[in-house]
Amino acid sequence: MTAGIRLLEAMFVLGWAGTTVVLLLTAIEDVETLAERDEPVKS
Amino acid sequence: MSSSTQSGNLVSNRVRIVIATSVMLTFISYWRAAAVILNDLGSSAFYAGGIAEQAIGKTAPWFVLGVMLFSFGVRAVYVESCSMFVRGGVYRVVKEALGGTLAKLSVSALMFDYVLTGPISGVSAGQYIGGLINDTFAIADAHGWIPRALHVIFHGTPRVNENGAAVLFAVLVTLYYWWQNLKGIEESSEKALRVMQVTTVMVVLLLLWSGVTLTQTGIHLPPFPRLSNLHFSSEALGFWKHSSIPYHFAVLAIIIGFGHSVLAMSGEESLAQVYRELAHPKLKNLKRTAIIIGLYSFVFTGVVSLLAVMLIPDSVRVPVYKDNLIAGLAMYMIGPQVLRLVFRVFVVVVGFLILSGAVNTAIVGSNGVLNRVSEDGVLPDWFRHPHRKYGTTHRIINMVVGLQLFTILASRGNVYVLGEAYAFGVIWSFVFKTVSMLVLRFKYRGERSWKVPPNLHLGKHEIPIGLASVGLVLVATALVNLFTKSVATGSGIAFSLGLFAVFTASERVNRRRHAHKEKDLREQFQLEQSDTVDRRDLCIRPGNVLVTVRDYNTLNHLKWALERIDTKEQDIVVMSARISQFGAAAYDLSTEQIFSEYEQQLFSRAVNVAESFGKHVSLLVVPARDVWAAIVQTANNLESSAVVVGVSSKMTAQEQSFELGRAWEAAPEPKRQFVVQIVHPDQHVDSFRIGPHTPSMKPEDVLLIHRLWLNITREPGLDKLHHHDIVTEALTRFASEYTGRDRQNILKELRKTVGKTVTKSAGGDGNMPAAFPTTPKDEEGPKNKDEGPPSPPVCGP
């Protein structure tokens with residue numbers, strides 16, 4: 001039981017560490033996305 | 001009809017009908033898409049904080065904030081899946097990655113989510129209303145406004161049973177939306193946008209007022225999430241209720257807290273459902289939508305939960321306001337009591353709007369998911385039987401609503417129990433989705449439009465660190481939830497396995513039956529399926545006339561068109577639009593759904609009418625979100641010169657033309673002008689031009705132009721002036737004056753000129769759609785009784 005719980009804890013901590021990087025990288029990209037303008041559609 | 005087409009038709013005696021299988025989409029902006037999603041996602045702000053605090057104590061807001069932060073990661077997974085599949089919902093992605101069996105299991109979990117979304121939203125809205133009624137009674141009683149007789153009846157201050165009121169309200173709202181869905185009345189993105197605008201006003205007021213209140217009361221943050229600060233209720237530990245395990249592992253305790261707050265990010269699946277309807281550039285707009293919903297829900301659900309704990313005293317927060325936390329927040333701001341009560345009423349109204357909308361989203365979403373599953377022949381045909389009158393999948397709707405009503409009654413108005421169970425569906429559908437996306441990274445190694453970052457490259461191998469990280473958090477939380485949420489685990493597993501068994505058992509039987517029914521249908525009509533509406537599929541010429549039909553008892557306008565049109569010169573297309581609900585774009589409709597018994601009867605009558613005139617008509621069925629947009633897009637695609645419609649029993653001809661004009665304005669370029677002829681039961685016809693066109697001119701105006709031309713050409717150097725140069729100069733000056741100071745004077749003069757006939761269809765202020773009566777005499781009715789639809793080419797691009 002203890003090993004199983006430790007494994008879950010490790011998954012959660014590692015997951016959050018990686019997710020923090022995801023959040024940082026996507027936040028930078030999000031700022032770029034919001035700053036971008038759409039190209040006018042050619043009719 | 002062209003000879004080639006006629007010869008083609010001789011091959012078979014059956015009537016040929018072209019069926020467009022994809023819903024004719026009305027593409028929406030990212031703001032509207034965000035509003036649609038937030039109607040579901042934002043609704044959890046009304047109950048997530050209260051549920052989390054009941055489970056884990058005063059530290060709950062930190063967990064809710066953590067979940068809202070983490071939801072950005074989940075959203076990134078959805079963006080990647082949508083960049084791979086236009087219909088990137090759970091079922092499609094899991095099926096691609098893990099196969100049909102796990103896809104059915106994932107859909108079962110998702111269905112559990114949807115079946116609970118309705119009840120939790122309805123019950124929560126009822127709790128807000130019940131709480132408001134009781135507090136109003138209490139305040140009125142304190143002021144001595146309650147009559148003695150009422151005191152006697154209620155044995156004190158009048159009160160309603162909040163749980164009972166919540167159940168009653170939830171049942172009524174669910175029944176209302178059951179009826180709406182049965183009739184197939186669509187929920188527009190416009191309505192969602194309005195609801196979110198009102199909600200935003202409430203959120204801004206809430207934040208500002210809370211900010212001012214905090215300056216008076218001081219900032220007292222809730223305790224930080226440490227093991228010593230976590231106080232789990234016995235229900236919050238589920239199967240570990242009598243165990244000390246949660247108190248011995250600090251990170252495990254955090255995971256338990258996180259798991260009890262995870263329902264705050266329910267509603268992400270809507271992102272995949274609206275993707276297909278997003279306007280160009282799709283991926284960029286999807287990212288924008290994701291940013292908007294991410295930030296909005298972080299502030300609304302996360303920050304408001306935090307403020308509730310900071311401002312509402314401990315003595316009343318859980319005991320009194322656990323099920324209507326935002327209402328409690330409104331009551332503990334600084335300011336006069338009347339003003340706080342008024343604001344609370346506003347909170348309840350907004351809660352009613354957004355939570356009721358979520359009830360509808362649950363029905364629409366589950367109907368959509370089951371339809372999507374049925375595309376693969378998983379669901380028995382019996383469920384997919386279209387409603388005789390409305391053509392909706394009424395048995396699916398009945399089943400979903402039946403389950404929701406059972407859930408509402410079984411919950412007895414307890415939001416906490418519903419929330420606990422709800423989290424099961426939410427977390428497991430995310431787990432299936434993320435794990436599948438991870439598998440797809442290795443299964444399909446090709447380039448994608450977008451990937452969840454970061455990705456580590458080791459030689460030829462790519463390690464999806466970001467995707468795996470999100471997956472790890474989700475899997476760990478879902479597994480811990482299995483132990484701590486006994487109600488959710490029991491009911492969720494039972495429901496999911498039960499539905500999975502139904503799916504699996506019915507799959508084989510259904511496929512055989514489906515093939516048989518399709519054969520029966522094809523014996524009567526030759527059904528030609530087509531992804532889009534195209535003139536070549538119908539074998540018709542440009543300049544044709546499109547006749548829309550809906551009710552087989554009112555085909556007068558078809559008779560009117562057939563009387564006047566020589567089909568050797570001009571083709572007639574009879575079109576029926578099958579209205580599909582929002583979210584229907586997430587799946588392709590089956591032939592049976594689009595061409596139901598009702599359509600068979602409708603087209604049989606239409607063909608009989610055409611045969612009585614000895615003329616050929618082409619038949620077309622188009623699934624659509626909006627009937628007006630469908631008519632405009634179809635007329636555009638078929639290069640029709642005229643559209644003939646019967647006058648509506650609910651709208652005037654002017655209003656019908658206005659709606660068409662508005663749809664024309666919203667249609668993407670390139671688009672063609674056409675004439676719409678609205679036929680009244682007495683054969684009187686109103687004609688309107690849709691789109692910009694050369695106006696008809698009165699003889700005196702032509703004379704005036706000519707007189708001006710005569711005078712001006714006498715001036716030196718102007719002898720080569722044309723009549724149109726005068727019109728150009730006059731219009732340029734008019735436009736300049738209209739945009740300047742003289743606008744009101746011009747409008748005044750125009751009103752004088754046209755009297756009361758400045759109608760919306762005539763486009764009074766330049767903001768109106770381009771729908772105009774073709775000529776003044778068109779409005780006189782009987783005079784143009786014998787005037788048929790225009791011959792080609794009346795209009796061109």
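Quick notes on the rules
Residues numbered from 1 in each chain as written. Chains lettered and ligands numbered in written order. Predicted model: local features only at pLDDT ≥ 70, side-chain atom pairs only at ≥ 80, totals over all residues. Helix = DSSP H or I, 4+ residues; strand = E, 2+ residues; numbered from the N terminus. Buried ≥ 20, exposed ≤ 12 C-beta atoms within 10 Å, placed from the backbone. Contact = placed C-beta atoms within 7 Å. Pairing = 2+ DSSP bridges. Right-handed = clockwise from strand over helix to strand, strands pointing away. Axes fitted to C-alpha atoms, helices over the stretch in contact; angles between N-to-C directions. Left-handed = near helix turned anticlockwise from the far one by under 90°. Nonpolar A, V, L, I, M, F, W, Y, C, P; charged D, E, K, R; others polar. Core = buried A, V, L, I, M, F, W, Y, C linked by C-beta atoms within 7 Å. Parallel < 35°, antiparallel > 145°, perpendicular 65-115°, else oblique. Expected span 1.5 Å × (residues − 1). pLDDT = per-residue confidence, 0-100.

The next subject is the overall build of chain B. Broken down by element type, chain B carries 30 helices and 11 strands. Taking all 797 residues of chain B together, 49% fall into the buried category. In chain B, once contacts between residues fewer than 6 apart in sequence are set aside, the share between residues at least 24 apart is 82%.

Within chain A one finds 1 helix and 0 strands. Among the 43 residues that make up chain A, the fraction classed as buried is 23%.

Further remarks concern the pairing of strand 9 (residues 674-679) of chain B. All names here are of chain B. Counting buried positions along strand 9 yields 6 of 6 residues, so the element is predominantly enclosed. Two elements, strand 8 (residues 642-646) and strand 9, share 5 bridges in a ladder whose sense is parallel. The residue bridging V644 from the neighbouring strand is Q677, located in strand 9. With helix 27 (residues 653-666) bridging strand 8 and its parallel neighbour strand 9, the resulting β-α-β unit is right-handed.

Moving on: the environment of T33(A). Within the element layout of this structure, T33(A) appears in helix 1 (residues 2-35). Overall, the presence of 17 C-beta atoms within 10 Å leaves T33(A) in the partly exposed class. Setting aside anything within four residues of it in sequence, one finds T33(A) in contact with K284(B), K287(B), R288(B) and I291(B).

Residue and element names in this part refer to chain B. Most of strand 6 (residues 572-579) sits inside the fold, with 8 of its 8 residues counted as buried. Judged by which residues are buried, strand 6 turns out to be covered on both faces: I572, V574, S576 and R578 on one side and V573, M575, A577 and I579 on the other are all buried. Bridging between strand 5 (residues 545-548) and strand 6 involves 4 bridges; their strand directions are parallel. Across the sheet, residue T548 finds its bridge partner in strand 6, namely M575.

All names here are of chain B. Orientation of helix 19 (residues 415-443) relative to helix 20 (residues 465-484), taken along the N-to-C sense of each, is 145 degrees, at an axis distance of 9 Å. Judged by the twist between their axes, the crossing of helix 19 over helix 20 is left-handed. Here A423, F424, I427, W428, F430, V431, T434, V435, M437, L438 and R441 of helix 19 lie close against helix 20, whose contacting residues are L467, A468, V470, G471, L474, V475, T477, A478 and N481. Looking at the contact of helix 19 with helix 20 residue by residue, the class counts come to 15 nonpolar, 4 polar and 1 charged.

In this structure, I37(B), V67(B), I255(B), V262(B), A327(B), L329(B) and I427(B) are the most contacted members of the largest nonpolar core, which totals 166 residues. Discounting chain neighbours no more than four positions away, the residues touching V67(B) are F258(B), S261(B), V262(B), A264(B) and M265(B).

This part is about the interface of chain B and chain A. Each partner contributes residues to the interface: chain B has 30 residues there, and chain A has 22 residues. It is helix 20 of chain B that provides the largest number of residues to the side of chain B that touches chain A, a total of 11 residues.

Residue and element names in this part refer to chain B. Residue position: A35 is located in helix 2 (residues 30-41). A35 gets classed as buried once you count the C-beta atoms within 10 Å, which come to 28. As for A35 and L193, which are separated by 158 residues in sequence, their C-alpha atoms are 5.1 Å apart. Each residue touching A35, except ones within four places of it in the same chain, is listed here: S189, A192, L193 and M196.

Our next topic: the packing of helix 6 (residues 100-142) of chain B against helix 19 of chain B. Residues and elements named next belong to chain B. Direction vectors running N to C along helix 6 and helix 19 enclose 150 degrees, while the axes themselves pass 8 Å from each other. When the axes of helix 6 and helix 19 are compared, the pair comes out roughly antiparallel. By crossing handedness, the relation of helix 6 to helix 19 is classed as left-handed. Residues S106, A109, L110, F112, D113, L116, P119, I120, V123, S124 and Q127 of helix 6 touch helix 19, and the partners they reach there are V415, L418, G419, A421, Y422, F424, G425, V426, W428, S429 and F432. For the contact of helix 6 with helix 19, the per-class residue count stands at 15 nonpolar, 6 polar and 1 charged.

All names here are of chain B. Helix length check: helix 9 (residues 189-217), at 29 residues, gives a terminal C-alpha distance of 41 Å against a target of 42 Å (1.5 Å per residue), a fit within 8%. If you check which residues of helix 9 are buried, you get S189, A192, L193, V195, M196, T199, M202, V203, L206, W209 and S210. Within two residues after helix 9, G218 carries a phi angle of roughly 90 degrees, on the positive side.

Once that is clear, we can look at unusual backbone geometry. All names here are of chain B. Residue P453 is joined to P454 through a cis peptide bond whose omega torsion reads -5 degrees. Relative to the assigned elements, P454 resides in the loop between helix 19 and strand 2 (456-458). Within the chain, C539 stands out as a residue other than glycine whose phi angle is a positive 55 degrees. With respect to the helices and strands, the residue C539 is situated in the loop between helix 22 (535-538) and strand 5. Residue C539 is classed as partly exposed on the basis of its 17 C-beta neighbours within 10 Å. With phi around 55 degrees, E639 is a residue other than glycine that occupies positive phi space. Within the fold, E639 resides in the loop between helix 26 (627-638) and strand 8.

To continue, consider the confidence of the model for chain B. All names here are of chain B. Residues of chain B with pLDDT of at least 70 account for 85%, and the chain-wide mean is 83. Considering each helix and strand of chain B separately, the mean pLDDT is smallest for helix 1 (residues 3-10), with a value of 39, and largest for helix 20, with 96. For the stretch residues 582-587, pLDDT sits under 50, and the model shows 27 contacts to residues farther than four places along the chain or on other chains. Note that residues 756-772 has pLDDT below 50 and, in this model, 36 contacts with residues that lie over four places away or in other chains. Two numbers describe this predicted complex: its pTM, 0.69, and its ipTM, 0.93.

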